[in-house]
Amino acid sequence: MIIAERKPLEDIKQMIAQYKKILLVGCGTCVTVCWAGGEKEVGILASQLRLAFRRDGGELETLEATVERQCEKEMVEELKDKIQQVEAVLSLGCGAGVQTIADRFEETPVYPALNTKFVGMPEREGLWIENCGACGDCFLDRTGGICPIVRCAKGLLNGPCGGTNKGKCEVDPEKDCAWTLIYRRLEKQGRLDLMRKYYPPRNFQAVVRPGKIEAQRV
Amino acid sequence: MTTGVEFLPCIVAFCCVHSAYQAADAAGRMRIPYPENIIMVHIPCAGRVDTLHILRAFENGADGVVILACHEGACHHILGNIRAKERVERANALLREIGVDGRRVEMRTCAPNDGSRFARVCHELEEKIKELGPSPLRKHA
Amino acid sequence: MARSFKETLNSGKFVVTAEVAPPKGTNLKKTVEHIDLLKERVDALNVTDNQSSVMRFPSLGTTVLIKECGGEPILQMTCRDRNRMALQSDLLFAYTRGIRNVLCLTGDHITVGDHKEARAVFDLDSVQLLHLVRTMESGKDFSGNDLDGGVEFCAGAVVTPEADPIEPQLIKFDKKVQAGAGFFQTQAVYDMDNFKRFMEYAHQVDRNIKILAGMVLLASAGAARYMNEQVPGVFVPQDLIDELRSAPKGTALRKGIEITGRLIRQIKEEAICDGVHIMAIGREEVVPDIMVAAGL
Ligand code: SF4
Ligand code: SF4
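These numbers were taken from a predicted model, which means no experiment stands behind them.

**What about the overall build of chain A?**
Part 1 of the argument: Assigned secondary structure in chain A consists of 8 helices and 7 strands.
Part 2 of the argument: Here the C-alpha atoms of chain A give a radius of gyration of 22 Å, more than 25% beyond the 17 Å that 2.2 N^0.38 yields for 218 residues.
Part 3 of the argument: Seen along its three principal axes, the alpha-carbon backbone of chain A occupies a region of about 65 × 50 × 25 Å.
Part 4 of the argument: Burial statistics for chain A: of 218 residues in total, 46% are counted as buried.
Part 5 of the argument: When contacts within chain A are restricted to residue pairs at least 6 apart in sequence, those whose partners lie at least 24 apart make up 60%.
Part 6 of the argument: Summed over all atoms, the accessible surface of chain A reaches about 11,600 Å², with 49% contributed by carbon and sulfur.
Part 7 of the argument: Within chain A, the 31 negative side-chain charges are centred at a point lying 6 Å from the centre of the 32 positive side-chain charges.

Right, here's the structure in full:
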């Protein structure tokens, strides 16, 4: 799923400083699960902004809404009535959600309240780690299901760099070295021959940016 | 703030029905005085208090907020007071981000029969909030 | 230096290489001094490529300078700052300036250096870079287009004999040999028993592979402890640390030179590997002293 994190309050305040009445829109999917932009976070951010405006001697009026999936046109349609009542929208969706609202309601400025960080999974409660870079040419069959593109800080395809240190990564001693993990898993599975093979450089044309996929209809 | 009128802080106390709420009763029965400007909110468990409730209290004019829970290990719902503690910390952080002293929110514990502790805690809180002065988050008149 | 580095490697002689670090800026005075001091004494001079991800005068420019001074340069190339196109362009240019040796490295990550917010490239890894060199030597670029005028390099790579765990490191070593690495310069080694075990493995992979043991000068006991704690894949045995510590005040550097010289002498006498790569890290002027201490 998509993992995001709230922007610093100061940045959000600056974005919306000129407005008196805004709509905060959450998303009920990924960002709800990663505690960044669900109904609850919408409520808290709205309250925090009202207090912050008051603190600075102003006043902010807020409306709140949370749609099931902000990245779908049909689902943001329900915001129509509320958007008509406000000057701007503050989205707590991922970047795709922000853009979906902005595209559907072109007259209204839409602002991102989150920084969309990565595609990942919850490691434990309250901790999410990146595990897919959407490279467009999945390599996991050769690495025992551990992604070398994003879980290795350098995205190496042919084994660990010289910085690997007792299973940890040169970049962050808290982080596991992906290539040590890959080695251990392949060893456990008796598939180390996969690691001995040479892999040519990645094909960055695997996804032509901006990416686009059209379903084949049969 | 220099009107000469003494500042009477408005403190919202979320009181767990298994401990602090009973302790308040005990204090009453034992005729131990405690500040009258404490607004008690009766809650089924400290774990019921959400970060948003704390922020809302400030929106509605509170100068300070306290969650009064059971002693650690004594929560009727096992983890309620631990959850409450996390939320108090979260609210602290959110207030600091706004530029408000995080000490305006805190969590305290109390046994159900300890009326004198309840009263003492209330006095301490009142003193602390008096020191911090009125909340800058009060609605401007 | 009449002989090319490749000829030296194949001559059976005990090979000695050293390193020069380009300046941060355009003042090349010190660099030229070091080149002049070392060019006749060692068989080739490596030039580091934005070492430790700290931006400096380019490795390529410095190798040209060595060439102009009459030395034999080894161009260190990392994959951190250039994509496959820029790497190829640089290799074409290097070849036209008479640079014939290239050391292929992945490179440290951007975040350990002085431009932490820069984008790390890593379009290729070290194994792929070796393939790139070999592909260009076949007269084609890395996309299979013909080159008008080819290149030929003596390509090398690095290996960390003390890496923990060692197995993934050995697999990668193997891949580098397969990819055509003609020589290896190792990360610093101090424990000769461990290093001999590594050499056994290396010779299983390829009997003829040329290996130069990395010799990093230890200037104090503190520096040695720092290496153990902070530098991945380096192990300084306790007795060497004690030896440095027991040196009378102000003589630790001399002790370090003596230790390095002794290790080199042992490697040469016992023919543990084909030579050494001396890294004096900021104290290039003492390299001749180390060589004297080693009896070279
Ligand atoms: S290899 Fe590519 S598609 Fe597969 S998990 Fe990694 S980034 Fe995602
Ligand atoms: S230490 Fe491991 S994870 Fe980190 S960059 Fe090197 S190979 Fe990748």
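**Topic: the site of ligand 1**
Part 1 of the argument: What surrounds ligand 1 is the set Asn131, Cys132, Gly133, Ala134, Cys135, Cys138, Phe139, Leu140, Cys147 and Ile149 of chain A.
Part 2 of the argument: Classifying every residue of the shell around ligand 1 gives 8 nonpolar, 2 polar and no charged.

**Quick word on the state of the cysteines**
Residues and elements named next belong to chain A.
Part 1 of the argument: With the rule as written, the count across this model stands at 0 disulfides over all chains.
Part 2 of the argument: We note that Cys30 lacks a disulfide partner, and the nearest cysteine sulfur, in Cys94, lies 6.7 Å from it.
Part 3 of the argument: Residue Cys71 stays outside any disulfide, its sulfur separated by 5.9 Å from that of Cys94, the closest cysteine.
Part 4 of the argument: What makes Cys71 partly exposed here is its relative accessible area of 43%.

About the thresholds
As a convention, each chain's residues are numbered from 1 in the sequence order in which they are written. As they are written, the chains are lettered A onward and the ligands numbered 1 onward, keeping that order. Given that the model is predicted, a residue must reach a pLDDT of at least 70 before its local features are reported, and side-chain atom pairs must reach 80 or more before they are shown or counted; all residues, however, enter totals for whole chains, interfaces and linings. With hydrogens and water set aside, each side-chain value is computed from the structure's full complement of heavy atoms. Segments assigned H or I by DSSP are reported as helices when at least four residues long, segments assigned E as strands when at least two residues long, and all are numbered from the N terminus. Computation of the radius of gyration draws on C-alpha atoms alone. For the globule rule, the value is 2.2 Å times the number of residues to the power 0.38. Working definition: with a 1.4 Å probe on protein chains only, accessible area under 20% of the residue-type maximum means buried, over 50% means exposed, and in between means partly exposed. Any two residues whose heavy atoms approach within 4.5 Å are treated as being in contact. Surface accessibility in these figures is a Shrake-Rupley result with a 1.4 Å probe; residues are shielded only by whichever protein chains are displayed. For this count, His and the chain ends are skipped, Lys and Arg are scored as positive, and Asp and Glu as negative. Charged side chains are reduced to one point each, which is NZ for Lys, CZ for Arg, CG for Asp and CD for Glu. Residues are classed as near a molecule or strand on a simple rule: at least one heavy atom within 4 Å of it. Basically, the charged four are Asp, Glu, Lys and Arg, the nonpolar ten are Ala, Val, Leu, Ile, Met, Phe, Trp, Tyr, Cys and Pro, and anything else, Gly included, counts as polar. The disulfide criterion is simple: two cysteine sulfur atoms within 2.5 Å.

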